[in-house]
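Okay, here's what each chain looks like letter by letter:
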Amino acid sequence: MSMNQTTETPAERRYREGMELNNVQARAEERAAEHLREAAGALQMRFAWCWDHGALHHFPTREDPWCTARWSWLEGNSETDALADKEVRHGDAKFLHQLPDAEQLKLITRQDSP
Ligand SMILES: [Zn+2]
């Protein structure tokens, strides 16, 4: 007859099958976790205030910012936090001309990508 099969007791067989099932389950869980990390990464956003659109922008962290106007990065992982940071840094200013001259100049002459 065949090799190992004949020497394996029913208890050993149940144990082996249990272990195999555990491995399959562990691999499936690993894959699921990987998919979740992927999805979370794709959804991750950075926030910026746009001085031309006078609005909060959401930029996916994995992509180049889609707005080519003048904007400033904001700290925070949520819209609420980002808006609070904008308030602290720039007060009620919404558009470029509402900023102090020095700030405007900095934004206008910025050569590097922000
Ligand atoms: Zn914009």
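Here the structure is shown first, and the text comes after it.
For the structure given in this document, a descriptive report is provided here. Position numbers for residues start from 1 in each chain and track the written sequence from start to end. pLDDT decides what is reported in this predicted model: residues at 70 or higher carry local features, side-chain atom pairs at 80 or more are listed and counted, and totals for whole chains, interfaces and linings draw on all residues regardless. Only hydrogens and water are removed before side-chain values are computed, so all heavy atoms of the structure are retained for them.

1. Brief notes about the overall build of the chain
Only DSSP runs of H or I with at least four residues qualify as helices, and only runs of E with at least two residues qualify as strands; both kinds are numbered from the N terminus onward. Of regular secondary structure, the chain possesses 3 helices and 3 strands. Each helix (α) and strand (β) of the chain, taken in turn from the N terminus, gives the series α-β-β-β-α-α. The globule rule puts the C-alpha radius of gyration for 114 residues at 13 Å, and the 28 Å found for the chain is more than 25% above it. Projected onto its principal axes, the C-alpha coordinates of the chain cover approximately 90 × 25 × 20 Å. Exposure categories follow from relative accessible area, calculated using a 1.4 Å probe and restricted to protein chains: below 20% of the type maximum is buried, above 50% is exposed, and the middle band is partly exposed. The proportion of buried residues among the 114 residues of the chain is 21%. Here the analysis covers contacts within the chain between residues at least 6 apart in sequence; of these, 35% occur between residues at least 24 apart. Note on method: radius of gyration uses C-alpha positions; expected globular size equals 2.2 Å times residues raised to 0.38. In what follows, residue pairs with any heavy atoms lying within 4.5 Å of each other are defined as contacts.

2. A word on the sheet that holds strand β3 (residues 71-74)
Pairing between strands is defined by DSSP: at least two bridges between them are needed. Spatial ordering of the open sheet is given by β2-β1-β3, a layout of 3 strands whose pairing is antiparallel. Two strands close off the open sheet at either side, each with one partner strand: β2 (55-60) and β3. Between one strand and the next, the sheet's axes are offset by a mean angle of 35°, whatever the strand orientation. The pairing of strand β1 (residues 45-50) with β2 spans 6 bridges and is antiparallel. Note that in β2 the partner of M45 across the bridge is P60. Whenever a helix is involved, its axis is fitted only over the stretch in contact; in every case the axis is a line through C-alpha atoms, and angles between N-to-C directions fall within 0 to 180 degrees.

3. A closer look at the coordination of the zinc ion
Distances from the zinc ion to its protein donors, namely C50 (SG), H53 (ND1), H57 (NE2) and C67 (SG), fall within the range 1.9 to 2.3 Å. Coordination at the zinc ion is tetrahedral, judged from the 4 donor atoms that bind it and the angles of 98 to 119° they form at the metal. Binding-site remark: the zinc ion is held by donors from one chain whose sequence spacing is C-x2-H-x3-H-x9-C. Of this pair, H53 sits in the loop between β1 and β2 while C67 is found in the loop between β2 and β3, placing the two residues 14 residues apart along the sequence. By relative accessible area, C67 is classed as buried at 6%. Counted as donors are N, O and S atoms no farther than 2.8 Å from the metal, or 3.2 Å for Na, K and Ca; water is not among the atoms, and sites may therefore look incomplete. Square planar and octahedral assignments, for four and six donors respectively, both demand that opposite donors be over 155 degrees apart and that all other angles lie between 65 and 115; tetrahedral needs four donors with all angles between 85 and 135 degrees, and anything else is irregular.

4. Comments concerning the nonpolar core
Counting residues in hydrophobic clusters, the biggest one holds 10 residues: F47, W49, W51, L56, L74, A82, A93, L96, L99 and L107. When near neighbours in sequence (up to four residues on either side) are disregarded, L107 contacts W51, R70, W71, S72, L96 and L99. Of all hydrophobic cores here, the second largest spans 5 residues; its members include A48, C50, F59 and C67. Among the buried residues, those of types Ala, Val, Leu, Ile, Met, Phe, Trp, Tyr and Cys that are joined through side-chain atoms within 4.5 Å form a nonpolar core.

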